[in-house]
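Listed below are the residues making up each chain.
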Amino acid sequence: MKLTPEQKVHFDREGYLFFPGLFSSEETKTLVDAVPALYARREAYNVREKGSEAVRTNFAAHLYSEPFARLARHPRMVEPVEELLGEKLYMHQYKINGKMAFEGDVWQWHQDYGTWKNDDLMPEARAMNVAIFLDDVNEFNGPLMFIPGSHKEGVIEARHDLTTTSYPLWTLDNDLIRQLVARAGDKHGGIVSPQGPAGSMILFHSCLVHASTSNLSPWNRVSVYLSLCAVSNHIRRHKRPEYIAHRDFTSIKCLPDDCLLKNSPVDLPWKNGMPASALETSIELLTEAA
Ligand code: SIN
Ligand code: MN
């Protein structure tokens with residue numbers, strides 16, 4: 001899938017691109033159907049909401065679930081990111097965020113690259129976030145919110161919040177958010193929130209400031225968040241476990257466009273369980289550019 005010149009200009013100016021209904025309902029169903037069994041597993045890679053059984057985020061499903069392994073190699077997702085970053089990519093992080101009906105908690109205002117820089121020592125913001133909706137997303141079920149153009153700020157000073165939710169995040173100060181929103185148009189476009197049917201995709205810059213509110217609606221808002229990094233920009237430290245920040249810097253090879261429907265074969269290295277090494281961490285710098 002090639003981007004148009006207008007889409008490239010939009011991405012550069014606003015920091016995101018929205019593709020409503022990019023995947024058909026048949027394609028999306030292959031993913032949706034696999035989620036309950038993944039969420040039911042009692043594994044470190046399922047992080048639950050604070051004080052609740054609801055899954056907040058599931059990590060690394062592309063290493064043990066066939067449909068999610070296919071999505072990780074889908075040309076409609078990978079090719080536009082390769083085009084924008086001008087390089088082959090590897091999978092830095094892979095999440096299926098629940099944001100379950102009544103229980104899904106907030107994601108505070110943050111930039112993803114702040115975490116990747118501070119924790120993983122990723123050299124530059126040459127990695128892209130991709131969100132793929134597995135449920136319809138509307139104004140009630142906790143949609144993503146962006147401050148358009150905020151990626152131009154580069155890395156903003158952040159505070160490591162270890163208490164608000166069950167997942168630690170480098171979050172931004174409210175005064176700064178107020179200023180950024182005012183600069184982006186305040187009540188007239190200073191916050192945008194792409195909403196649409198299951199199967200929609202958003203690409204967004206790793207410095208784009210974003211957040212989402214809790215989900216008090218009776219509708220789940222399950223979405224896949226993939227973070228693809230330029231191979232030469234791989235992380236330089238393994239301070240976070242491998243199931244959160246991946247250590248295989250091999251470039252992604254795309255499958256055919258119909259891979260979700262034709263069940264293209266995929267390798268599942270963790271299909272018999274996560275290796276113990278995936279839980280290990282280290283603050284040592286990597287010695288060589290592996
Ligand atoms: C994220 O920022 O990583 C997740 C946000 C969301 O699920 O709404
Ligand atoms: Mn994020």
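Please refer to the structure placed before this passage.
Just so you know, these numbers come straight off a predicted model, no measurement behind them. (Residues numbered from 1 in each chain as written. Chains lettered and ligands numbered in written order. Predicted model: local features only at pLDDT ≥ 70, side-chain atom pairs only at ≥ 80, totals over all residues. Heavy atoms only, no water.)

Peer 1: Tell me about the site of ligand 1, residues and numbers included.
Peer 2: Taken together, Lys95, Asn97, Trp107, His110, Leu144, His210, Ser212, Arg221 and Tyr225 form the complete shell of residues around ligand 1. Contacts to ligand 1 include His210, whose side-chain N or O atom sits 3.0 Å from an oxygen atom. Residue Ser212 places a side-chain N or O atom 2.6 Å away from an oxygen atom belonging to ligand 1. For ligand 1, whose free accessible area comes to 260 Å², the fraction covered by protein is 99%. For the shell around ligand 1, the elements supplying multiple residues, two or more each, are strand S4 (89-97), strand S5 (107-110) and strand S11 (210-212). Here the shell around ligand 1 is composed, by residue class, of three nonpolar, four polar and two charged. (Near = heavy atom within 4 Å. Polar contact = N/O pair within 3.5 Å; in protein donor to acceptor, adjacent residues only side chain to side chain. Areas by Shrake-Rupley, 256 points an atom, 1.4 Å probe, with all protein chains shown as cover. Helix = DSSP H or I, 4+ residues; strand = E, 2+ residues; numbered from the N terminus. Nonpolar A, V, L, I, M, F, W, Y, C, P; charged D, E, K, R; others polar.)

Peer 1: Just give me the short version of the sheet that holds strand S6 (residues 127-133), but keep the residues and values in it.
Peer 2: Adjacent strands of a sheet pair through backbone hydrogen bonds, lying either parallel or antiparallel. The strand order across the open sheet built from seven strands is S1-S10-S6-S12-S4-S3-S2, with neighbouring strands paired in antiparallel fashion. Sheet topology places strand S1 (16-19) and strand S2 (46-48) at the edges, where each strand pairs with a single neighbour. Strand after strand, the sheet turns through a mean of 15° between neighbouring axes, direction not considered. In the sheet, S2 pairs with strand S3 (residues 55-59) via three bridges, with the strands oriented antiparallel. Across the sheet, Val47 pairs through a bridge with Thr57, a residue of S3. Strands in contact with helix H1 (residues 5-14) are S1, S6 and strand S10 (201-205); relative to S1, the strand with the most contacts, it is inclined by about 130°. (Pairing = 2+ DSSP bridges. Axes fitted to C-alpha atoms, helices over the stretch in contact; angles between N-to-C directions. Contact = heavy atoms within 4.5 Å.)

Peer 1: Tell me what's going on with the packing of aromatic side chains, and back it up with residues and numbers.
Peer 2: One pass over the structure, following the stated rule, counts 10 aromatic pairs. Ring geometry for Tyr45 and Tyr64: centres 4.3 Å apart, planes at 20°, overall stacked. Of the two residues, Tyr45 sits in the loop between helix H3 (35-39) and S2 while Tyr64 sits in the loop between S3 and helix H4 (66-71), which places them 19 residues apart along the sequence. Judged by its relative accessible area of 6%, Tyr64 falls in the buried class. Look at Phe146 and Phe204: their rings are 4.9 Å apart centre to centre, the planes differ by 45°, and that puts the pair in the tilted class. Of this pair, Phe146 sits in strand S7 (residues 144-146) while Phe204 is found in strand S10, placing the two residues 58 residues apart along the sequence. The class of Phe146 is buried, set by a relative accessible area of 0%. Across from the ring centre of Trp107, 3.9 Å away, lies the NZ or CZ of Arg56, which sits over that ring. Looking at Lys95, its charged tip hangs above the ring of Tyr225, at a distance of 5.6 Å from the centre. (Phe/Tyr/Trp six-rings, centres within 6.5 Å; stacked < 30°, edge-to-face > 60°. Buried < 20%, exposed > 50% of the residue type's maximum accessible area, 1.4 Å probe, protein only. Lys NZ or Arg CZ within 6 Å of the ring centre and 35° of its normal.)

Peer 1: Mind laying out the side chain of Arg70, listing which residues take part and the relevant values?
Peer 2: Tracing the sequence through the fold places Arg70 in helix H4. In terms of polar contacts, Arg70 uses its side chain to reach the side chain of Glu66, at 2.7 Å. The residues contacting Arg70, other than those within four sequence positions of it, are Leu255, Cys259, Leu260, Asn263, Ser264 and Val266.

Peer 1: Just give me the short version of the pattern of salt bridges, but keep the residues and values in it.
Peer 2: If you walk through the whole model with that rule in mind, you get 16 salt bridges. Across the salt bridge formed by Asp257 and Arg76, the nearest N and O atoms sit 2.9 Å from each other. With Asp257 in the loop between strand S12 (223-230) and helix H8 (259-262) and Arg76 in helix H5 (residues 75-85), this pair connects stretches of sequence that are 181 residues apart. Among the salt bridges present, the one from Arg183 reaches Glu153, with a minimum N-O distance of 2.8 Å. With Arg183 in helix H7 (residues 174-183) and Glu153 in the loop between S7 and strand S8 (159-161), this pair connects stretches of sequence that are 30 residues apart. Exposure remark for Glu153: the relative accessible area of 36% places this residue in the partly exposed category. The structure contains a network of salt bridges with shared partners spanning Glu27, Arg76 and Asp257. (Salt bridge = Lys/Arg side-chain N within 4 Å of Asp/Glu carboxyl O.)

Peer 1: Describe in detail the nonpolar core, supporting the description with residues and values.
Peer 2: As a rule of thumb, nonpolar side chains are buried together in soluble globular proteins. Of all hydrophobic cores here, the largest spans 57 residues; its most connected members are Phe68, Tyr94, Val130, Ile132 and Met201. The residues contacting Ile132, other than those within four sequence positions of it, are Phe23, Leu71, Met77, Ser200, Met201, Ser223, Val224 and Leu226. Residues Ala131, Phe133, Phe204 and Tyr225 belong to the second largest nonpolar core, which totals 11 residues. (Core = buried A, V, L, I, M, F, W, Y, C linked by side-chain atoms within 4.5 Å.)

Peer 1: Can you explain the pairing of S6? Please cite residues and give values.
Peer 2: Burial runs high along S6: seven of the seven residues are buried. Examined bridge by bridge, S6 and S12 share seven bridges and lie antiparallel to one another. For Phe133, the partnering residue across the bridge sits in S12 and is Ser223. Two strands pair when backbone bridges link them, and S6 and S10 are joined in this way by five bridges, in the antiparallel orientation. Looking across to S10, one finds that Asn129 is bridged to Phe204.

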